[in-house]
Amino acid sequence: MSGAGPSQGGGSNMTPQELARQCHTFVSGHRSRKAAEDYAAMAAWCEAHAVSHDMYGEGQLIGDFEARIAALLGFEASVFCISGTMTQSIALRLACQQRGSPLVALHPTAHILRHELNNYQLLGHFKVLEVGDPHRTWDLDAIASWPERIGAALYELPMREIGGQLPSWDSLQALKAGCKERNIHFHMDGARLWEASAGYGRPLAEIAAGFDSAYVSFYKGIGGLGGAMLLGTSSFVEEARVWFKRMGGNVFRRSPYVVAAAMHFDTRLAAMPAWFARTQWLYAQLPAHPLLTPNPAQPHCNMLHLHLPLAREALMDIRDRIAQEHGIWLFGGAQSSAMPGHSCIEWTVGENLMAMADDRVREILGLFSDAVAQMTAVGA
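Below or above, wherever it landed, is the structure these notes cover. (Residues numbered from 1 in each chain as written. Predicted model: local features only at pLDDT ≥ 70, side-chain atom pairs only at ≥ 80, totals over all residues. Heavy atoms only, no water.)

Taken as a whole, this structure holds 14 aromatic pairs when the rule is applied. Through pairs of rings, three or more aromatic residues link up here, namely Phe65, Phe80, Trp194, Phe218 and Phe265. Over the ring of Trp243 we find Arg246, and its NZ or CZ is 4.8 Å from the ring centre. Over the ring of Trp281 we find Arg278; its NZ or CZ atom is 4.3 Å from the centre of that ring. (Phe/Tyr/Trp six-rings, centres within 6.5 Å; stacked < 30°, edge-to-face > 60°. Lys NZ or Arg CZ within 6 Å of the ring centre and 35° of its normal.)

Bringing the sheet that holds strand E8 (residues 228-232) into the picture now. Read from one edge of the open sheet, 7 strands run E2-E8-E7-E6-E5-E3-E4, paired in mixed fashion. This sheet does not close on itself; its edge strands, each paired only once, are strand E2 (77-81) and strand E4 (127-130). Each neighbouring strand pair of the sheet contributes to a mean axis angle of 20°, computed without reference to strand direction. As judged from the 5 bridges shared by E2 and E8, these two strands associate in the antiparallel manner. (Pairing = 2+ DSSP bridges. Helix = DSSP H or I, 4+ residues; strand = E, 2+ residues; numbered from the N terminus. Axes fitted to C-alpha atoms, helices over the stretch in contact; angles between N-to-C directions.)

To continue, consider the environment of His342. Within the secondary structure, His342 sits in the loop between strand E12 (334-336) and strand E13 (343-348). The partly exposed category is assigned to His342, whose relative accessible area is 28%. For the pair His342 and Arg182, spaced 160 residues apart in the sequence, the C-alpha separation amounts to 41 Å. When neighbours within four sequence positions are excluded, His342 is seen to be in contact with Leu308, Pro309, Leu310, Ala311, Ser336 and Ser337. (Buried < 20%, exposed > 50% of the residue type's maximum accessible area, 1.4 Å probe, protein only. Contact = heavy atoms within 4.5 Å.)

What follows is the structure in structure tokens.
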């Protein structure tokens, strides 16, 4: 493969961050921007739109953005919060209080269980019922058999930890109806809802219809600096505002986060169908590399997991060697799989793969696959 790699002074003692910085080609995700580039673009956007700072969440910029997202998803109201973790824990706490039960049904791979250090339990927000197969999306049967009174159910669209899977449309509609019938508050973890819309091929409001509340993120697919939004009825959102203040979320200025989200929102949202189409194209290339096994078997949105017959440590060695020798950054991290000697990585199809020529993508897939095959042959 042609092309110069990173400088020879790096060596194996370089950290992953140092290796990544010296690479010129990135497979997953979106183009990395320098802080100065972000701030300069934000300043220009603020000048062009005559933006004024908010004060503790009050101001035209943030109010207009909240109203716009609420209308787009078909909810009465919304409130911007700097932290998705805070947003969801408060939403579920309020839902349980209103429905008279502390029990929240959620999937074993939910962000609340995997990445939030037991905040729901240690802070006394609610209690959790884990429902469904850890490797599959879940349906109404997963909660219908529980004898306990469930206060709320959280559904992540798409489910990131299992490769961006989405439930079938009919299964999702049955869940909405079943929760309503059982007086269960149905909450959407919409961290990647924008991507789910392209995967379903349906408008955002149609997907959100039937959920009692929803959380969306602005720093993943949208490319903001951070921030989230909680959507629901006007009374639900107003009560959440009080809890944001109690939990320290009512920061003096939210405008930097709102600007960073609003300035990219239209462009990124419009790009989602193309990113999904590129994901479908990528899947069509994978049968030529049988050691790279995608999950799900066919794309549900513009992300996927690749399962490989190597231990995590061997896979990370491949990543670092290809970065050093070819200047290609294949992935950030890898996770061990349930089966010994197997692991998986995550790819998000976005600006990087959109900008890459088809032949170049095929070349990189071949390079990666050949490295895996060689490592497998020596029993790594």
